[in-house]
Amino acid sequence: MTGTRPYRLARRAERQAQTRQRIVEAAVDLHTTVGPATTSISAIAKHAGVERHTVYAHFPDETALFEACSSHWIDANPFPDVAAWLAIADPGERLRCALRDVYGWYDGVEDALVLFVRDGDVFPSWGEARRRRLAELADLLARDLPRRKAVRAVVGHALQFETWRSLVRTQGLSNRAAAEAMARLAETL
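Read on for an overview of the structure. Here the structure is a predicted model, which means the values were calculated and not measured.

Cut-offs applied
Residues numbered from 1 in each chain as written. Predicted model: local features only at pLDDT ≥ 70, side-chain atom pairs only at ≥ 80, totals over all residues. Heavy atoms only, no water. Salt bridge = Lys/Arg side-chain N within 4 Å of Asp/Glu carboxyl O. Buried < 20%, exposed > 50% of the residue type's maximum accessible area, 1.4 Å probe, protein only. Phe/Tyr/Trp six-rings, centres within 6.5 Å; stacked < 30°, edge-to-face > 60°. Helix = DSSP H or I, 4+ residues; strand = E, 2+ residues; numbered from the N terminus. Expected span 1.5 Å × (residues − 1). Polar contact = N/O pair within 3.5 Å; in protein donor to acceptor, adjacent residues only side chain to side chain. Axes fitted to C-alpha atoms, helices over the stretch in contact; angles between N-to-C directions. Parallel < 35°, antiparallel > 145°, perpendicular 65-115°, else oblique. Left-handed = near helix turned anticlockwise from the far one by under 90°. Contact = heavy atoms within 4.5 Å.

Here the focus is the pattern of salt bridges. Per the counting criterion, the structure on display carries 15 salt bridges. A salt bridge links R148 to D139; the shortest N-O distance between them is 4.0 Å. Here R148 falls in the partly exposed class, since its relative accessible area comes to 37%.

This part is about the packing of aromatic side chains. Enumeration over the complete set of coordinates arrives at nine aromatic pairs. Their ring planes at 80° and their centres at 5.2 Å tell us that W73 and F116 sit as a pair that is edge-to-face. Of this pair, W73 sits in helix α4 (residues 62-76) while F116 sits in helix α6 (residues 91-118), placing them 43 residues apart in sequence. Exposure remark for W73: the relative accessible area of 10% places this residue in the buried category. Centroid distance W105 to Y106: 5.8 Å. Interplanar angle 45°. Geometry classified as tilted. Owing to a relative accessible area of 16%, W105 belongs among the buried residues under this scheme. Taking the relative accessible area as the measure of exposure, Y106 reaches 2% and is therefore buried.

Before going further, it helps to spend a moment on α4. A rise of 1.5 Å per residue sets the reference length of α4, with its 15 residues, at 21 Å; its end C-alpha atoms lie 21 Å apart and thus fit the reference within 8%. Those residues of α4 that fall on the buried side of the exposure criterion are L65, F66, A68, C69, S70 and W73. Sitting at the head of α4, D61 places a side-chain oxygen 3.2 Å from the backbone nitrogen of T63.

For the pair helix α9 (residues 161-170) and helix α10 (residues 175-188), interaxial distance at closest approach is 9 Å and the crossing angle is 120°. Of the possible angle classes, the one that applies to α9 and α10 is oblique. Crossing handedness for the pair α9 and α10: right-handed. Of the residues in α10, those touching α9 at T163, W164, L167 and V168 are N175, A178 and M182.

Right, dumping it as structure tokens:
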């Protein structure tokens, strides 16, 4: 009889992990299609095929669920490799490469980011973390360029999702042309 108990516990833990994963995937699916602000716990539970209390059993509050969803989404949509850019000696080429990569990433995750930015007030910590990461990246990319303060402002602006959308979606530039335009602007200051 003692031989079956560990098997049952392991099987139960496996089922719980699968249920947790279904909940996270359901939340990510809803967050990226209708947005975090309009995604209810009831909708997540229904989409995951569980009851609301099951969602709360795995995630005590919406913040815990959102953090798990964010980690899952970032794992599935990793941001470009910053270390690769920093290995580029020429600061202008480093900036061009970074902007091309970031703009390509924005292109691939645009639909989700539109909703995340729109609903940023729902989870202010996510918006603040995003702003902080972009500010740190702008500091790194502008550090070796002349006229640091003005260039830092342009680089910070160039890294914004909204800037990319304006240049590419509204103005009709390609990702490459938009990156080149912003890099040239930074270099002319």
